[in-house]
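Here is how the chains run, residue by residue.
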Amino acid sequence: MSSSTEPKSPVNEQDNTETTYSVNEEEDDGCEMDGFSHVKPKLLKTPSILNAIIDQIHADVIAKSHQSNFVLFPPKLEGCTVVDLGCGVGRDVFILSKLVGEYGHVFGVDSDKEQLDFARQHVDYHAKKFGLSKTNVEFIEGEIDRLEETKLKENSVDVVVSNSVVNYRRDKKAIIEGACKILKPGGEFYFSDVYVNRPIPAEYQELLSGEYIGGALRWEDLILYATEAGFTQPRLVTAKPYVVTNDDIQKAIGKTKFVSAIFRCFKLPHVEADVTPFNIPYQLTYETPLVSAEDEFFFDHSLQFKLGELLVVDDPSIAFALSLSRYKENFTFDPIADAETVTVIETVEEIPTAQGNDDTNNVGVSRKTTTVTSTTTTMIPKE
């Protein structure tokens with residue numbers, strides 16, 4: 001991770017790496033439900049292929065890693081260029097090096113020189129362990145909120161990942177913006193971190209300083225930063241609640257909820273809204289199965305594509321993002337309608353009225369009449 005100081009452990013992540021949890025918060029004092037309240041319980045196991053790779057990671061790397069033990073990466077990484085933000089001693093970088101294979105490449109970015117030096121000592125070991133003819137990883141010393149100062153170029157990366165690191169950095173907006181810039185259009189940002197359902201009062205910031213939950217990002221801020229940067233709205237993949245065990249912190253935060261969550265979002269190209277054909281609902285068919293997703297592609301906690309089944313996607317950004325992504329060859333995209341036009345006509349007329357016996361007789365009063373017409377949605381059959 002990007003801090004040279006080992007983090008304290010005021011919270012315990014519930015020890016169940018195979019299950020996501022529904023985070024049900026009672027509404028009190030007019031507080032709105034947090035963004036994780038409607039997460040459905042969903043069995044989401046770490047793919048067996050990942051477990052097999054983890055078993056091959058050098059024991060010293062596993063021992064020194066501060067990252068979450070819950071390892072989950074998106075599918076179809078072979079041949080991709082991947083960047084791990086806040087890579088620490090490189091555990092996830094080495095896992096990814098196996099997933100991207102001989103023709104892929106993984107960059108690990110971190111500001112801690114000591115941890116990077118330790119990671120570099122294990123590069124050759126993992127290349128041999130994974131049967132690679134040459135190493136496919138590179139470690140870069142740099143700040144993850146200043147990626148423009150590193151060797152990473154704009155529009156050059158397929159996937160950016162980050163595992164429980166962003167919360168340690170103050171300028172989270174810059175991290176998200178930087179990730180978007182280095183990604184290619186259609187590229188994916190897949191990241192886990194800790195989130196909070198409400199702002200933490202300033203008087204408690206010192207108490208939480210240095211703790212894992214101290215830099216938790218609000219759900220609303222994540223959406224804002226991502227969409228402003230050029231991403232689709234973040235899609236919640238899985239969420240797991242944190243239990244605070246420090247009595248002083250628990251007393252300070254009261255009913256504030258902290259959640260460890262994985263999100264994915266896709267970089268959209270800069271186009272005019274009426275240029276993209278994906279401005280109407282589409283039906284998507286998951287036709288070519290992915291490794292470790294042979295029967296079902298788990299897109300997020302509420303949207304799963306079963307192999308061979310049609311699924312109507314009302315959000316145009318989802319179909320658009322998938323059509324640009326590395327998943328495009330696994331789907332067919334069929335528009336549901338050739339047009340959907342809504343015409344609104346507003347008519348304003350003056351109505352004479354008589355008010356009193358003075359010069360204000362026959363004052364004009366405006367009355368607005370609105371007429372709405374719409375076309376009928378027409379199905380377009382598959383060829």
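The rules behind these values
Residues numbered from 1 in each chain as written. Predicted model: local features only at pLDDT ≥ 70, side-chain atom pairs only at ≥ 80, totals over all residues. Heavy atoms only, no water. UniProt positions renumbered as here; feature names shortened; annotations may be inferred. Core = buried A, V, L, I, M, F, W, Y, C linked by side-chain atoms within 4.5 Å. Buried < 20%, exposed > 50% of the residue type's maximum accessible area, 1.4 Å probe, protein only. Helix = DSSP H or I, 4+ residues; strand = E, 2+ residues; numbered from the N terminus. Contact = heavy atoms within 4.5 Å. Pairing = 2+ DSSP bridges. Axes fitted to C-alpha atoms, helices over the stretch in contact; angles between N-to-C directions. Phe/Tyr/Trp six-rings, centres within 6.5 Å; stacked < 30°, edge-to-face > 60°. Lys NZ or Arg CZ within 6 Å of the ring centre and 35° of its normal.

- The name an unreviewed UniProt entry assigns to the protein is Arsenite methyltransferase, from the organism Adineta ricciae.
- What the UniProt record of the protein gives under Sequence similarities (unreviewed entry) is the line "Belongs to the methyltransferase superfamily. Arsenite methyltransferase family."

## Concerning the nonpolar core
Nonpolar side chains in soluble globular proteins tend to end up buried together.
Reasoning step 1: With 35 residues, the main nonpolar core has Val83, Leu85, Val160, Phe189 and Phe231 as its most contacted residues.
Reasoning step 2: Elements with a contribution of two residues or more to this core: β4 (81–85), β5 (105–110), β7 (157–163), α6 (172–182), β8 (183–196), α8 (219–229), β10 (235–244) and β11 (258–266).
Reasoning step 3: At 6 residues, the largest contribution of residues to this core is made by α8.
Reasoning step 4: Beyond its immediate chain neighbours, meaning those up to four positions away, Leu85 contacts Val109, Ile144, Leu147, Val160, Val161, Ser162, Asn163, Val165, Ile175, Ala179 and Phe189.
Reasoning step 5: Formed by 33 residues, the second largest nonpolar core is a distinct cluster that contains Leu72, Cys87, Val93 and Val137.

## Regarding unusual backbone geometry
Reasoning step 1: For Lys76, which is not glycine, the phi torsion reads 60° and is therefore positive.
Reasoning step 2: The topology assignment puts Lys76 in the loop between α2 (59–64) and β4.
Reasoning step 3: Located in the positive-phi region is Ser164, a residue other than glycine, with phi close to 60°.
Reasoning step 4: Following the sequence through the fold, Ser164 ends up in the loop between β7 and α6.

## Regarding helix α3 (residues 91–100)
Reasoning step 1: Counting buried positions along α3 gives 9 out of 10 residues, so the element sits mostly inside the fold.
Reasoning step 2: Residues of α3 that are buried include every one of Arg91, Asp92, Val93, Phe94, Ile95, Leu96, Ser97, Leu99 and Val100, and no others.

## Comments concerning the sheet that holds strand β15 (residues 310–313)
Reasoning step 1: Taken in spatial order, the 3 strands make up an open sheet running β15-β12-β16, and their pairing is antiparallel. Two strands in the sheet have a free side with no partner beyond their single neighbour: β15 and β16 (331–335). For this sheet the average axis-to-axis angle between neighbouring strands, irrespective of direction, equals 30°.
Reasoning step 2: When strand β12 (residues 282–286) meets β15, the two strands line up antiparallel, connected through 4 bridges.

## Section: the environment of Asn155
Reasoning step 1: As for its placement among the helices and strands, Asn155 is situated in the loop between β6 (137–141) and β7.
Reasoning step 2: Residues Asn155 and Leu183, 28 residues apart in the sequence, show an inter-C-alpha distance of 4.8 Å.
Reasoning step 3: When neighbours within four sequence positions are excluded, Asn155 is seen to be in contact with Lys181, Ile182, Leu183, Lys184, Pro185 and Lys267.

## Remarks on the packing of aromatic side chains
Reasoning step 1: Applying the stated criterion to the full structure yields 17 aromatic pairs.
Reasoning step 2: Taking the centre distance of 5.7 Å and the plane angle of 70° together, the rings of Phe94 and Phe139 count as edge-to-face. One end of the pair, Phe94, is in helix α3; the other, Phe139, is in strand β6, and 45 residues separate them in sequence.
Reasoning step 3: Look at Phe94 and you get buried, because its relative accessible area is 0%.
Reasoning step 4: Ring pairing ties together the aromatic residues Phe266, Tyr286, Phe297, Phe299, Phe305, Tyr327, Phe331 and Phe333, which thus form one cluster.
Reasoning step 5: We note Lys64 situated over the ring of Phe118; from NZ or CZ to the ring centre the distance is 5.1 Å.

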